[in-house]
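# Chain and residue survey
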Amino acid sequence: TNDPINSKVVIITGASSGLGEATARRLADRGAKLVLAARREDRLKSLAEELTAKGADVLWQVTDVTDRHQVEKLAAAARKTFGRIDVLINNAGLMPLAPLDALKVDEWEQMIDVNIKGVLYGIAAVLPTMREQHSGHVINLSSVAGHKVFAGGAVYCATKYAVKALSEGLRMEAGDEIRSTNISPGAIATELTSTITDPNAAEAAKELYKVAIDADAVARAIVYAIEQPHDVDINEIILRPTAQE
Ligand code: NDP
């Protein structure tokens, strides 16, 4: 087919739920070769089986993005199975919101490890291959929280501002070989709020997420960035529920 997405090799981290899963479904429909990664084996396996049954080419590999070597192995598996890496979607992330006063230092470290270091490990794992191919596309999940700081979200926002900086830095260094896209969603109904342990922050999130929209809205935005011709780089997409403040 002439579909620009057909046969593209796409790695998705955090593919076991939410935005990653919704994006995998959209891309499978378009004939992409998928490499699905996350920690939960049962979820990855059942998604892979479902998409394979529909005729998609799917590889899945249990991967903790906080472990650099596991991320390297993921990229190596993609290359070994499909011969190349066209797109990396750095999507794995968590959002345990809490005021700084709550001193949830372990959660701060977890957010930095997954949301920032995980993204960097992903870039490190695919960049040499994309340079060798003289083509590639890195899509990072930042957030509206990467554009606007809110109380209770200092550390989460810091990680998403960092992701935005990495997307832009990569774009500026990548020349005409590698496309860089920063995706910044507002409230989307996924499992993301389940990582909140602070009761007040959980209550506030519940209120905000009353207007949340379906994960497929973000999947469609990601598909739009990928389906552009190579000389068009969609740098940034911000999307919110129409009803979000
Ligand atoms: P989910 O909680 O549904 O999905 C998060 C995914 O990340 C899961 O698949 C989870 O899989 C994976 N993950 C978490 N930790 C790790 C890890 N250490 N290694 C590998 N995978 C990991 O939330 P969303 O789909 O909403 O989140 C996806 C991204 O979108 C995140 O980066 C989030 O910050 C961002 N985002 C979400 C918004 C929203 O409102 N939902 C708004 C703006 C941005 P597993 O547990 O199996 O490892």
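Rules used in this analysis
Residues numbered from 1 in each chain as written. Predicted model: local features only at pLDDT ≥ 70, side-chain atom pairs only at ≥ 80, totals over all residues. UniProt positions renumbered as here; feature names shortened; annotations may be inferred. Helix = DSSP H or I, 4+ residues; strand = E, 2+ residues; numbered from the N terminus. Rg over C-alpha atoms; globule rule 2.2 N^0.38 Å. Buried ≥ 20, exposed ≤ 12 C-beta atoms within 10 Å, placed from the backbone. Contact = placed C-beta atoms within 7 Å. Near = placed C-beta within 6 Å. pLDDT = per-residue confidence, 0-100. Pairing = 2+ DSSP bridges. Axes fitted to C-alpha atoms, helices over the stretch in contact; angles between N-to-C directions. Parallel < 35°, antiparallel > 145°, perpendicular 65-115°, else oblique. Left-handed = near helix turned anticlockwise from the far one by under 90°. Nonpolar A, V, L, I, M, F, W, Y, C, P; charged D, E, K, R; others polar. Core = buried A, V, L, I, M, F, W, Y, C linked by C-beta atoms within 7 Å.

The protein chain is annotated in an unreviewed UniProt entry as NADP-dependent 3-hydroxy acid dehydrogenase YdfG of Marinobacter antarcticus. What UniProt records for the protein chain under Sequence similarities (unreviewed entry) is the sentence "Belongs to the short-chain dehydrogenases/reductases (SDR) family."

Quick look at the overall build of the protein chain now. Secondary structure summary: the protein chain contains seven helices and nine strands in total. The C-alpha radius of gyration computed for the protein chain amounts to 17 Å, which stays within 12% of the reference 18 Å derived for 245 residues, consistent with globular compactness. When its C-alpha atoms are laid out on the principal axes, the protein chain stretches across 50 × 40 × 35 Å. The buried share among the 245 residues of the protein chain stands at 43%. The long-range share in the protein chain, meaning contacts at least 24 apart out of those at least 6 apart in sequence, stands at 72%.

Okay, the site of the ligand next. If you check the shell around the ligand, you find 29 residues, and the closest are Gly-14, Gly-18, Arg-39, Arg-40 and Gly-93. For the shell around the ligand, the leading source of residues is helix H1 (residues 18–29), giving three residues.

Here the focus is the confidence of the model for the protein chain. This prediction gives the protein chain a mean pLDDT of 98; 100% of its residues lie at or above 70. This prediction of the complex comes with two scores: 0.99 for pTM and 0.99 for ipTM.

A few words now on the sheet that holds strand E4 (residues 87–90). Strand order in the open sheet formed by seven strands is E3-E2-E1-E4-E5-E6-E9, and the pairing between neighbours is parallel. Both edges of this open sheet fall to strand E3 (57–62) and strand E9 (236–239), since each of them pairs with a single strand only. Averaged over all adjacent pairs, the angle separating strand axes in this sheet is 15°, with direction ignored. Bridge count between E4 and strand E5 (residues 136–141): four bridges; the pairing is parallel. From the neighbouring strand, Asn-90 faces E5, where its bridge partner is Asn-140.

Looking now at the packing of H1 against helix H7 (residues 216–227). Contact pair H1 / H7: the axes reach a minimum separation of 8 Å and the direction vectors enclose 55°. Considering the angle they form, H1 stands oblique to H7. Crossing hand, H1 versus H7: right-handed. Here H1 contributes Leu-19, Ala-22, Thr-23, Arg-25, Arg-26 and Leu-27 to the contact with H7, which in turn contributes Asp-216, Val-218, Ala-219, Arg-220, Ile-222 and Val-223. Considering only residue class, the contact of H1 with H7 consists of seven nonpolar, one polar and four charged.

All right, on to the nonpolar core then. Grouped together as the largest cluster of nonpolar side chains are 68 residues, with contacts concentrated most on Val-10, Ile-11, Leu-34 and Leu-36. The element contributing the most residues to this core is helix H4 (residues 105–133), with eight residues. Beyond its immediate sequence surroundings of up to four residues, Ile-11 is in contact with Val-35, Ala-37, Leu-74, Ala-75, Ala-78, Ile-85, Leu-88 and Ile-89.

Moving on: unusual backbone geometry. Even without a glycine there, the phi angle at Ser-7 is positive, about 75°. Even without being glycine, Leu-103 reaches a positive phi, approximately 50°. Turning to its location among the elements, Leu-103 is positioned in the loop between E4 and H4.

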